[in-house]
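Each chain, written out:
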Amino acid sequence: EAKSAGRGHFRFYYTELSVRNRHKLTLKNNLHRAVDANAFDAWYQPIIDIRTGKVVYVEALMRLIHPDGTVTTPGHFLQTLEETGLISRSGQMMLEQACSTLASWRTLFPELRLSLNLSVNQLWQADLIDQLEQMLAQHHLPASALMLEVTEGSMMTDIVKTEQFLEALHGRGFEIAIDDFGTGYSSLSRLRSLPVNKLKVDKSFMDGIPRDRKSMEMVRAILQMATSLDLEVVAEGIETEDQLQVLAEADCHFGQGFLFARPMSSEDLLTYLSLPGKEQTTPYRPMA
Ligand code: C2E
Ligand code: MG
Ligand code: MG
Ligand code: MG
């Protein structure tokens, strides 16, 4: 009785594994095909200046568009992109798409800036700065139009190396943001030595606001620390008016989340920016 249950259990486990392996293989094949077919799309989510309610940055977020039109988010494929090394080509596609889109938006909204996610593998690419500067030149964009986000957790995989690459980028005028801040166990002394402009406080802190006293105190402490280090804070994952109110009262600089807008296609983002009061500057209107 016990023996057959054991064998049954083993068989179940074995089948699960092979299903997972087959799934992974299919995913890898799909991603290779997607890179060849240029099937990655940049979607955009606004980052709002909490004091004025205007859009200052848009964050580019990678999407995989399937032949049937369905859309997949990075949680399903980013790790495999990294493992297969396909992240460098797909990342380059994101960079090209996002810079060309930003340049076209800036004809209407000249001060709009772009925030781009980089994995450490991208950050450590020897030719990253060349790629970035080539894009800027091609689209007549200043380096200050670009903010580069690296997650706190990934920075810690080799802090010395990360610091060198960030120094180089910062020296060329790119803004640097630490993404998912508060989840990566970085020490404050390390943080002080990094050339960083912004902290993006992870959504997990928002989830406790306003009910959980500890989350509230953590966010306030992060804001105080950031201010004393001359860093600006972006609160990620704001979903409710209550959360926004708490952040506004704590003088949080920037906010991002479903309360303002979900990530959307470039066409939809242009419509969003054109809503009254959303754009950062008065749009340029050619005279009739
Ligand atoms: P992230 O950079 O921290 O981006 C924020 C994620 O939270 C996005 O998920 C966004 O859609 C989601 N989000 C924003 N506001 C809210 C909210 O109010 N509620 C909830 N529940 N979620 C919200 P997404 O687009 O699935 O991206 C996941 C992660 O994938 C990103 O996290 C980023 O680390 C990574 N990623 C995205 N695009 C790229 C890329 O082009 N290159 C690299 N290397 N990584 C990327
Ligand atoms: Mg990000
Ligand atoms: Mg984040
Ligand atoms: Mg994240």
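As a starting point, this report considers the structure included with it.

The rules behind these values
- All residue numbers refer to position in the chain's written sequence, counted from 1.
- Chains and ligands are labelled sequentially in the order written, the chains with letters from A and the ligands with numbers from 1.
- Where totals are concerned, whole chains, interfaces and linings use all residues; where local detail is concerned, this predicted model gives features only for residues with pLDDT of at least 70, and gives and counts side-chain atom pairs only at 80 or more.
- Excluded from the side-chain calculation are hydrogens and water; included are all heavy atoms of the structure.
- Each aromatic pair joins two rings of Phe, Tyr and Trp (for Trp, the six-membered one) with centres within 6.5 Å, and gets the label stacked for planes under 30 degrees apart, edge-to-face for over 60, and tilted for any other angle.
- Think of it this way: any DSSP run of H or I at least four residues long counts as a helix, any run of E at least two long counts as a strand, and we number them from the N terminus.
- The cut-offs for exposure are 20% and 50% of the maximum accessible area for each residue type, with area from a 1.4 Å probe on protein chains only; residues under the lower value are buried, those over the upper are exposed, and the others partly exposed.
- Each ring is checked for a lysine NZ or an arginine CZ that lies within 6 Å of its centre and within 35 degrees of its normal; such an atom marks a charge sitting over the ring.
- A single heavy atom is enough: if one lies within 4 Å of a molecule or strand, its residue is considered near that molecule or strand.
- In the analysis that follows, any N or O atom pair within 3.5 Å is treated as a polar contact, provided that within protein one partner can donate a hydrogen and the other can accept it, and provided that, for residues neighboring in sequence, both atoms belong to side chains.
- Working definition of accessibility: Shrake-Rupley area with a 1.4 Å probe, residue cover restricted to the visible protein chains.
- Two kinds of site are reported from a 1 Å grid over the protein atoms alone, namely cavities, where a 1.4 Å probe fits but cannot get out, and pockets, open sets with protein on both sides within 12 Å along at least five of seven lines, and residues are called lining when an atom falls within 4 Å of a point.
- Think of it this way: a molecule belongs to a cavity or pocket when more than half its atoms come within 2 Å of the grid points there.
- What makes two strands pair is DSSP finding at least two bridges between them.
- Grid points are joined across faces, edges and corners, and a volume is the space filled by probe spheres set on the points.
- Each residue receives one of three labels: charged for Asp, Glu, Lys and Arg, nonpolar for Ala, Val, Leu, Ile, Met, Phe, Trp, Tyr, Cys and Pro, and polar for the others, Gly being one of them.
- Coordinating donors are taken as N, O and S atoms within 2.8 Å of the metal, stretched to 3.2 Å for Na, K and Ca; because water is absent from the atoms, sites can appear incomplete.
- Multiplying 1.5 Å by the residue count of a helix minus one yields the expected span of that helix.
- Working rule for contacts: check all heavy atoms of both residues, and any pair within 4.5 Å makes them a contact.

Below, the discussion takes up the packing of aromatic side chains. Counted by the stated rule, this structure contains three aromatic pairs. Ring centres of Tyr44 and Trp105 lie 4.7 Å apart, and the angle between their planes is 75°; this geometry places the pair in the edge-to-face category. Of this pair, Tyr44 sits in strand β1 (residues 40-49) while Trp105 sits in helix α3 (residues 87-106), placing them 61 residues apart in sequence. Note on accessibility: Tyr44 and Trp105 belong to one class, buried. Between the NZ or CZ atom of Arg262 and the centre of the ring of Phe258, over which it lies, the distance is 3.9 Å.

This paragraph deals with the site of ligand 1. Surrounding ligand 1, one finds 24 residues, the nearest of these being Arg63, Asn117, Asp179, Glu239 and Phe258. Contact between ligand 1 and Gln45: a nitrogen atom at 3.1 Å from a side-chain N or O atom of the residue. For ligand 1, an oxygen atom lies 2.8 Å from a polar atom in the backbone of Phe258. With the chains in place, 81% of the 810 Å² that ligand 1 exposes on its own is no longer accessible. Assessed atom by atom at 2 Å from the grid points, ligand 1 resides in the largest pocket. Only β2 (54-65) and β6 (175-181) provide two or more residues apiece to the shell around ligand 1. Considering each element in turn, the shell around ligand 1 owes the most residues, four residues, to β2.

Time to look at the pairing of strand β4 (residues 113-117). Relative to β4, β2 is paired through four bridges, and the arrangement is parallel. In the sheet register, Val58 faces β4, and the bridge partner there is Leu114.

A few words on the layout of surface pockets. Taken as a whole, the largest pocket encloses approximately 860 Å³ of empty space. In this structure, the largest pocket is lined by 34 residues; those nearest its centre are Glu59, Leu61, Pro74, Asn117 and Asp179. At five residues, the largest contribution of residues to the lining of the largest pocket is made by β2. The residue makeup of the lining of the largest pocket, split by class, is 13 nonpolar, 11 polar and 10 charged.

Attention now moves to the coordination of the magnesium ion (ligand 3). The textbook angles at a metal center are 109.5 degrees for a tetrahedron of four donors and 90 or 180 degrees for an octahedron of six. At 2.0 to 2.4 Å from the magnesium ion (ligand 3) lie its protein donor atoms, namely Asp179 (OD), Asp180 (OD), Glu236 (OE) and Glu236 (OE). Here the donor residues of the magnesium ion (ligand 3) share one chain and are spaced in sequence as D-D-x55-E. A separation of 4.2 Å is found between the magnesium ion (ligand 3) and the magnesium ion (ligand 2), which are bridged by Asp179. Of this pair, Asp180 sits in strand β6 while Glu236 sits in the loop between β8 (232-235) and α11 (241-249); the two residues are 56 residues apart in sequence, bridging distant segments of the chain. A relative accessible area of 25% means that Asp180 is categorised as partly exposed. A residue is classified by how much of its surface remains accessible, and Glu236, at 12% relative accessible area, is buried.

One full turn of an α-helix is made of 3.6 residues, so residues set three or four places apart face in the same direction. If you check helix α10 (residues 213-228), its first and last C-alpha atoms are 23 Å apart, about what 16 residues at 1.5 Å a residue would give, namely 22 Å. Backbone geometry just after α10 places Asp230 at a positive phi near 60°.

Our next topic: the environment of Gly53. Its location among the elements puts Gly53 in the loop between β1 and β2. Separated by 224 residues in sequence, Gly53 and Gly277 have C-alpha atoms that sit 7.5 Å apart. Contacts of Gly53, omitting those with residues within four sequence positions, involve Ile48 and Gly277.

Time to look at α3. Across its 20 residues, α3 extends 27 Å between first and last C-alpha, which sits within 8% of the 28 Å expected from 1.5 Å per residue. Taken across its 20 residues, α3 has 14 buried, putting it largely inside the fold.

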